[in-house]
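Coordinates in review
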Amino acid sequence: MFLSMNWISDYVDLSGLDKRELISRFSLSTAEVENEIFYKGSDISGIVVAEIKSVDEHPESKKLHLLKVDCGDGALTDVVCGAPNVRVGMKTAFAKLGAQIGDITITPRKLAGYTSNGMCCSEKEIGISDDHGGIMEIFEDVALGTDIKDIYQIDDIVFEVDNKSLTNRPDLWGHYGIAREFAAIAGRELKPLEVIDLSQYDSLPGIDMKIENTLCQRYSCLKFENIQKNVSPVNMRIRLFYCGMRAINLLADLTNYLMLEMGQPMHAFDSRKVEKIRIKCFDKPFVFRTLDGVDRNVDENTLMICNGDTPVAIAGIMGGLDSEIVEDTTTLTLESATFDAVSVRKSTVRLAHRTDASMRYEKCLDPEMTVKAIARFVKLLMDIDGGVKIVSSLTDEYAVKYDTVTLSFDKAYVNRYTGIEISNEQIVKTLKSLGFGVELDGETFTVTVPSWRATKDVTIKADIIEEITRIYGYDNFDVHTTRVPLYPVRAYEEKTVEDKIKDILVKRYSLHEVHSYIWAYHDEYKALGIEIEDNVKLVNSTNPNIETLRRSMIPTQLCQVKSNFQYAADFGIFEVGRVVDGLKADNLCNEKKKLGITLFSKTKTVEQLYFELRDMVAVLFDDIKHTAITLSKKEATHSYQHLKNLNAIVADGKEIGEIGVAHPVVSKKIDKKAAIVFAELDVTELAEITNKSISYEEPSRFPEMTVDLSFVAEKFEPIANAITKANSPLVKKVSVADIYQDENGKSITVRILFSHAERTLTREEVTEVTDAVIAELAKDGIALKN
C-alpha cells in the first residue's frame, strides 16, 4: 500500500522533523516499509501556468498545431503542439526553456520545420496521472507564470508498506490511521477529521433499507441530489494517482479517496436504479455482472446488496454494472457498511476476485466507522460541489456489535514484561496518543481499547505491553543477557532417526537434501506423464496446479531431477517430508512422514545404480537400527513405477518402504540415456523398529572354508531363502560374488563362508549343507550352472 506524506501531514503537523527518519521509525515500530522511498515531483521544475493566445493549423501536418503562448513574461512564445484539445483561451501547464521533466531538459526544438520554444504538458508528462489524451487544462484563477507546484501538491514523499504487516491492523488501511501512528511516534497532536453533523437531516425521510442476513454487521446510507460536478479536484486526483489508483469521476473518486483516507470502503449507487435496499443471500446460484464487465458465478453463500430482489452489488467486493455511476448521474445513494470478514474472504476466493475494498473488509473493519465515513464524504462533496442537496436522513442499521474490551494491569506487570523502567506518565501518554482510554489508580491501569483496535487486534494484556514498548522504541532497550533456567530436553526417537538419516546420506554418500511443498503439481506431473492420483484436495483452490495433496514424494523428486539433470552427469537427492494417504476414520488427513531418495546417472547402468541405492538403504537400517533388510517382489501401482523392477523393503517382519526403477516413459522424458532409481521409506515405521543390540563373537582360531556356487537364476532372493532354510550354524556369511549374463541366461555366483569356533571343518560337513541348498533350489527349477 502506497502512502503520501502530504496526506498524512493533513492530520498531524510534522514540520521541523526529518520525514525520512520518521518513516524509518514507523517501520521499526508499526509496519514494515519497503526499501524504496519515492520523492514525487523532485524531477520536475520550470513548469508554469500559461494561456494559449492563438492556434493555427500546421501547413504540413494534420496533427500538429502552431501556438502562441503567454507564460506571463510579457512576450508570446511560439510552440508546436500535437495535442487534440488545444484551443484559444485555454490555460495549461507549460514547460519553459530550461525546464526539467525527468531526465529531459527543455530546449528549442524544430518540429516539421517550425521551432518550438517550450512544451505544453499533459498530466502524464508531469507525472501526476496517467492521462495522456491531451494537454493539462488549468481552471484555477491564478496569474500566468505561476509555478504549478505553487498551485498543486506535486512535491510529495511516497512510501510503500508491506500489506502482510498490516494483516492484524485494520485501522492502518487508511492514511488517518497511519497519521495516528506518526503522531504517537513524533509526540505531536492528531487533528480530528473534518465532518458534517448528519443529525441536521434527521427530519428528512429515511431510505427503505433492511439487513436480512447478519453477515452484514452494519449498513449506513444517505441519499444526495443535484450533483452538478463530475471531475475531481486536481489535488485529489494527484493523491489517488500517487497511491496507485486512477481517477474516474467525482463520485467514484470520492469513495476511493475516503477508502484510502479512513480505510472504509464505500459504494455510490445511482439512485435511479436503487430504491429499496436489501442485504441478503439468495437460495440458488446465479450469474452476476460486476463493474468490470465480467460475469461471475454467485452461489448461495455470497452476500449481496439488492434493490428489492434484484442484486446490484456483491457485498464488500464490487458493485454491479447496472447500478454504476454514469456521466448523467445527479442523484446518489451512498453506502457505508461493514461485513463479516470471513464471509468476504471466502467469497473472494470462490469468485477468484480480490479488490481493494475486499482486502480491507477481510481484516475486520470497525463498524463504528460507517457513519463517520459518510459524514466525511458529505463534507468533501459539499466543499467541491456546493449545490449538492441531502434528501434523506441517515439510515443506519447496526446488526452485529463488538464488545468493548477493557483490560487492567499494574505497573509491576509492565516492568516484568518489558524488563525496563517506563514511567507511569509515559505509559499514559503513549496509550492516549494511540486512542486508548486510560485510568490510573495508584499503580493500576485500566485501559479501554478503542473500537478500531478491538475487532481482532488488542484482546489481552500482553497486547498493551506491545503498544507501550513499540512506541517507546525497541532500539531504546538496554541489551543484557536474560537469566532463565534451561532444562535438557531428550529428543524423541523419530527426530533422532531423521537426523541420523540426513547425516549418513550427506556425509557418506554426498547426496543433496532438497525441500518441497506437499502439493501434487499438476503441470509438472503432466510434463513427465505422471498421473495425478485422486487424493485429498484443497477446497476453493484458485490454482489447479496446487489443488491435490501428494501421496508420494517420488513424483516430486522426479520433477526436481527434471529441473536439475543438465547440471551434473551423476547426482542424488533426498528429502524427509510429508505425504497424505487419503483420510483416516476421523475424517482427518492420513499424514505420513516419508524419506524419499532418487538417484540419477548418465554414466552407470540401471542395474549398477539400483544396487548402489539398495546398499544405501541397507546401511541406513544397519547403522541406525542394527537390523538387516530383505527385498520382496512388489506390484507396481503408480504410473511412475517400473512394472517389473519394484521391490518392497522389509525389516523386522514389516514392510517399511519400497525401492524401484523409474518407469521408462517417465525416465525418457527426463533424459533418454540416463538411469533413474528411487526409494521411499516410512520414517515413523523405521523409528518404531526395535533397535537390535550389537553382539560380539570371538573369531575362530580354526581355518575358514569358502564355497562358491553358481546358479542359473534371475534373482538372488530364492537362493538366500534356500540357504536360510538349510539352517546350518556353520554358515557365517553369505554374499553375491558375481553376476554373469550371456545368451543362455543369467547366473548368480554365491559365496558361502563356513566356520566353527572349536575345530577344523571337514569337507563332508560343508558338502552336506551345500547339497541341501542345491536340492532345495532344484524344487524351484533353479540348477547349478554347468
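Before going into details, it helps to say that this report is about the structure given with it. (Residues numbered from 1 in each chain as written. Predicted model: local features only at pLDDT ≥ 70, side-chain atom pairs only at ≥ 80, totals over all residues. Heavy atoms only, no water.)

Quick look at the pattern of salt bridges now. All told, the structure shown has 51 salt bridges when counted by the stated rule. For Lys604, the salt bridge is made with Glu612, and the minimal N-O distance between the two is 2.6 Å. For Glu612, a relative accessible area of 28% translates into the label partly exposed. Glu685 is the partner of Lys654 in a salt bridge, and the nearest nitrogen-oxygen pair spans 2.8 Å. Highlighted residues: Lys654 in strand β32 (residues 654–662) and Glu685 in helix α18 (residues 683–688), separated in sequence by 31 residues. (Salt bridge = Lys/Arg side-chain N within 4 Å of Asp/Glu carboxyl O. Buried < 20%, exposed > 50% of the residue type's maximum accessible area, 1.4 Å probe, protein only. Helix = DSSP H or I, 4+ residues; strand = E, 2+ residues; numbered from the N terminus.)

Taking 1.5 Å of rise per residue, the 16 residues of helix α13 (residues 493–508) would be expected to cover 22 Å, and the 22 Å separating its terminal C-alpha atoms lies within 8% of that figure. Buried within α13 we find Glu494, Val497, Glu498, Ile501, Ile504 and Leu505. For α13, the angular spread of the buried residues around the axis is 130°, confining them to a single face. Its buried side turned inward, α13 meets β28 (570–583), β29 (589–601), α16 (606–625) and α18. (Expected span 1.5 Å × (residues − 1). Arc of directions from axis to C-beta. Contact = heavy atoms within 4.5 Å.)

Right, let's talk about the nonpolar core for a bit. Membership of the largest hydrophobic core comes to 115 residues, with the highest contact counts inside it found for Phe159, Phe182, Tyr219, Phe224, Ile305 and Phe377. Residue contacts for Phe224: discarding those within four places in its chain leaves Thr330, Thr331, Leu332, Leu334, Phe377, Val378, Leu381, Val388, Lys389, Ile390 and Val391. Phe574, Val619, Ile624 and Val661 belong to the second-largest nonpolar core, a separate cluster that totals 33 residues. (Core = buried A, V, L, I, M, F, W, Y, C linked by side-chain atoms within 4.5 Å.)

The next subject is unusual backbone geometry. Even without a glycine there, the phi angle at Ala352 is positive, about 55°. According to the relative accessible area criterion, Ala352 is exposed, its value standing at 58%. Phi is positive for Asn727, which is not a glycine, with a value near 55°. Here Asn727 lies in the loop between α19 (717–726) and β35 (731–742).

The next point concerns the packing of aromatic side chains. Overall, the coordinates contain 18 aromatic pairs when judged by the stated rule. Taking the centre distance of 4.5 Å and the plane angle of 25° together, the rings of Trp7 and Tyr257 count as stacked. Of this pair, Trp7 sits in helix α1 (residues 5–9) while Tyr257 is found in helix α6 (residues 250–262), placing the two residues 250 residues apart along the sequence. Centre to centre, the rings of Tyr474 and Phe477 are 6.3 Å apart; their planes meet at 50°, and the pair counts as tilted. Tyr474 sits in the partly exposed class, given a relative accessible area of 42%. The ring of Tyr398 carries the charged tip of Lys401 above its face, separated from the ring centre by 4.9 Å. Sitting above the plane of the Tyr413 ring, Lys461 keeps its charged end 4.6 Å from the centroid. (Phe/Tyr/Trp six-rings, centres within 6.5 Å; stacked < 30°, edge-to-face > 60°. Lys NZ or Arg CZ within 6 Å of the ring centre and 35° of its normal.)

The next subject is the packing of helix α10 (residues 411–418) against helix α12 (residues 461–472). Packing of α10 against α12 leaves a shortest axis separation of 10 Å and a crossing angle of 70°. For the element pair α10 / α12, the angle class is roughly perpendicular. Once α10 is placed against α12, the crossing between them reads as right-handed. Seen from α10, the contacting residues are Tyr413, Val414, Tyr417 and Thr418; seen from α12, they are Lys461, Ala462, Ile465 and Thr469. Across the contact of α10 with α12, the residue classes tally to five nonpolar, two polar and one charged. (Axes fitted to C-alpha atoms, helices over the stretch in contact; angles between N-to-C directions. Parallel < 35°, antiparallel > 145°, perpendicular 65-115°, else oblique. Left-handed = near helix turned anticlockwise from the far one by under 90°. Nonpolar A, V, L, I, M, F, W, Y, C, P; charged D, E, K, R; others polar.)

The next point concerns the layout of surface pockets. Empty space among the atoms becomes visible once a probe the size of a water molecule is rolled across them. The space that makes up the largest pocket amounts to roughly 1,500 Å³. Every residue lining the largest pocket is counted, 35 residues in all, and those nearest its centre are Phe611, Arg614, Leu631, Phe716 and Glu717. Those elements that provide at least two residues to the lining of the largest pocket are α16, β30 (630–633), β31 (641–651), α19, β35 and β36 (745–754). For the lining of the largest pocket, the leading source of residues is α16, giving eight residues. Considering only residue class, the lining of the largest pocket consists of 16 nonpolar, eight polar and 11 charged. Approximately 810 Å³ is the volume attributed to the second largest pocket. Around the second largest pocket, the lining comprises 33 residues; the ones closest to its centre are Ile248, Thr255, Asn256, His267 and Leu291. Listing elements by their share of the lining of the second largest pocket, those giving two or more residues are α6, β14 (266–270), β19 (310–314), β20 (318–319), β21 (332–339) and α8 (356–361). Here the lining of the second largest pocket gets five residues from one element, more than from any other, and that element is α6. When its residues are assigned to classes, the lining of the second largest pocket shows 20 nonpolar, eight polar and five charged. (1 Å grid on protein atoms, 1.4 Å probe; cavity = no way out; pocket = protein on both sides within 12 Å on 5 of 7 lines; lining within 4 Å. Points joined across faces, edges and corners; volume = space filled by probe spheres on them.)

Where α13 meets α16, the closest approach of the two axes is 10 Å, and the angle between their N-to-C directions is 130°. Judged by the angle between their axes, α13 and α16 are oblique. The two elements α13 and α16 meet at a crossing, and its hand is right-handed. When α13 is examined against α16, the residues Glu493, Val497, Lys500, Ile501, Ile504, Leu505 and Arg508 are found in contact with a partner set consisting of Val619, Leu620, Asp623, Ile624 and Lys625. Broken down by class, the residue content of the contact of α13 with α16 amounts to seven nonpolar, no polar and five charged.

A separate point is the sheet that holds β36. Here three strands make up an open sheet; going across it, the order is β34-β36-β35 and the pairing antiparallel. Where the open sheet ends on each side, the last strands, each with one partner, are β34 (705–712) and β35. Direction aside, neighbouring strands of the sheet carry axes that sit 20° apart on average. When β35 meets β36, the two strands line up antiparallel, connected through 10 bridges. Among the inter-strand pairings, Asp742 is bridged to a residue of β36, identified as Gly745. Across the sheet, α19 is in contact with β34, β35 and β36; its angle to β36 comes to roughly 30°. (Pairing = 2+ DSSP bridges.)

Moving on, we get to the state of the cysteines. On inspection of all chains with the given rule, the structure shows zero disulfides. Cysteine Cys216 shares no disulfide, and the gap to the nearest cysteine sulfur, in Cys221, comes to 10 Å. A relative accessible area of 0% places Cys216 in the buried class. Take Cys364: it sits in no disulfide, and the sulfur closest to it among the cysteines is that of Cys216, at 14 Å. (Disulfide = S-S within 2.5 Å.)

A separate point is the pairing of strand β6 (residues 91–101). As paired elements, strand β3 (residues 44–57) and β6 share seven bridges and run antiparallel to each other. Residue pairing across strands places Val48 opposite Phe94, the latter belonging to β6. Connecting β6 to the antiparallel partner strand β7 (residues 104–105) that follows it, the hairpin turn spans two residues, and Gly102 within it adopts a positive phi of roughly 65°.

Counted under the stated rule, the structure contains three cavities of 30 Å³ or more. Taken as a whole, the largest cavity holds about 120 Å³ of empty space. In terms of lining residues, the largest cavity is bounded by 15 residues, among which Tyr525, Glu531, Glu533, Arg551 and Pro555 are the most central. Taken together, the residues of the lining of the largest cavity break down into seven nonpolar, four polar and four charged.

On their own, these measurements won't tell you what the molecule is for.
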